[in-house]
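Listed below are the residues making up each chain.
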Amino acid sequence: MSTYSFQDVVATLVGPTGIVNLGYGAAVADEGISIDTAGDKNTMLIGADGEGMHSLHADKSGTITVRLLKTSPTNATLHAMYDAQTLTSVLHGQNLITVTNPQSGDITTARSCAFKKKPSLNYKKDGDIVEWSFDSIKIDTILGTYA
């Protein structure tokens, strides 16, 4: 397959305060969705004699960032979820985010996600994007045919 379209991207946040579409149809900005790892998977240590060792880290943490148009109704839903989930630690960090592309076979699952912060709001001549970031304790990705 040699064609990509954001129309194929399915992204969902499921948490204790609701379910929300974050993919196609949610008024996602051109900058889209980013999935970034937080830490290095390896540390290399070189001894005084020049010999070395690698240390493999079990860290699967990372950040998922979703960029929505200012006019997206999803912003109001996420604001309400943020407000509810940051009132008490019982609801905080309990979200699951999935981002899939059935056409390519890509599947990303982010577990134990928490809202990183409330997004910045900008009011200017042209409408802007609203950037939502989520910290995740474990992100697993399976890449399909585009990899």
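Refer to the structure presented above.
Residues numbered from 1 in each chain as written. Predicted model: local features only at pLDDT ≥ 70, side-chain atom pairs only at ≥ 80, totals over all residues. Heavy atoms only, no water.

Caption draft 1: How the structure looks around the sheet that holds strand β2 (residues 18-21). In space, the seven strands of this open sheet follow the order β2-β1-β7-β8-β9-β6-β3, with antiparallel pairing throughout. The strands lining the two open edges of the sheet, one partner per strand, are β2 and β3 (28-37). Across the sheet, the axes of successive neighbouring strands diverge by a mean angle of 25 degrees, strand direction being ignored. Strand direction decides the pairing type here: strand β8 (residues 106-115) and strand β9 (residues 129-142), joined by eight bridges, are antiparallel. (Pairing = 2+ DSSP bridges. Helix = DSSP H or I, 4+ residues; strand = E, 2+ residues; numbered from the N terminus. Axes fitted to C-alpha atoms, helices over the stretch in contact; angles between N-to-C directions.)

Caption draft 2: Just the side chain of T65, in detail. Here T65 is to be found in strand β6 (residues 62-69). The contact partners of T65, leaving out residues within four places of it in the chain, are G32, I33, S34, E131, W132 and S133. (Contact = heavy atoms within 4.5 Å.)

Caption draft 3: Highlighting the environment of S112. The topology assignment puts S112 in strand β8. The class of S112 is partly exposed, set by a relative accessible area of 35%. Separated by 87 residues in the primary sequence, S112 and G25 have C-alpha atoms spaced 25 Å apart. In this view, S112 contacts G93, N95, D135, S136 and I137; residues no more than four positions away in its chain are not counted. (Buried < 20%, exposed > 50% of the residue type's maximum accessible area, 1.4 Å probe, protein only.)

Caption draft 4: Molecular detail of the pairing of β9. The pairing of β6 with β9 spans eight bridges and is classified as antiparallel. In the strand pairing of β9, G62 is matched with S136.

Caption draft 5: Looking closely at the packing of aromatic side chains. The final tally for this structure, using the stated rule, is three aromatic pairs. When the ring of Y82 is compared with that of F115, the centres are 5.6 Å apart and the planes differ by 90 degrees; the resulting orientation is edge-to-face. Placement of Y82 in helix α1 (residues 74-85) and of F115 in strand β8 is noted, with a sequence separation of 33 residues between them. Accessibility classification places Y82 together with F115 in one group, the buried group. When the ring of F115 is compared with that of F134, the centres are 4.9 Å apart and the planes differ by 50 degrees; the resulting orientation is tilted. On the criterion of sequence distance, the pair formed by F115 in strand β8 and F134 in strand β9 is long-range, its members being 19 residues apart. Comparing F115 with F134, the two get one shared label, buried. Ring pairs connect the aromatic residues Y82, F115, W132 and F134, which therefore count as one cluster. (Phe/Tyr/Trp six-rings, centres within 6.5 Å; stacked < 30°, edge-to-face > 60°.)

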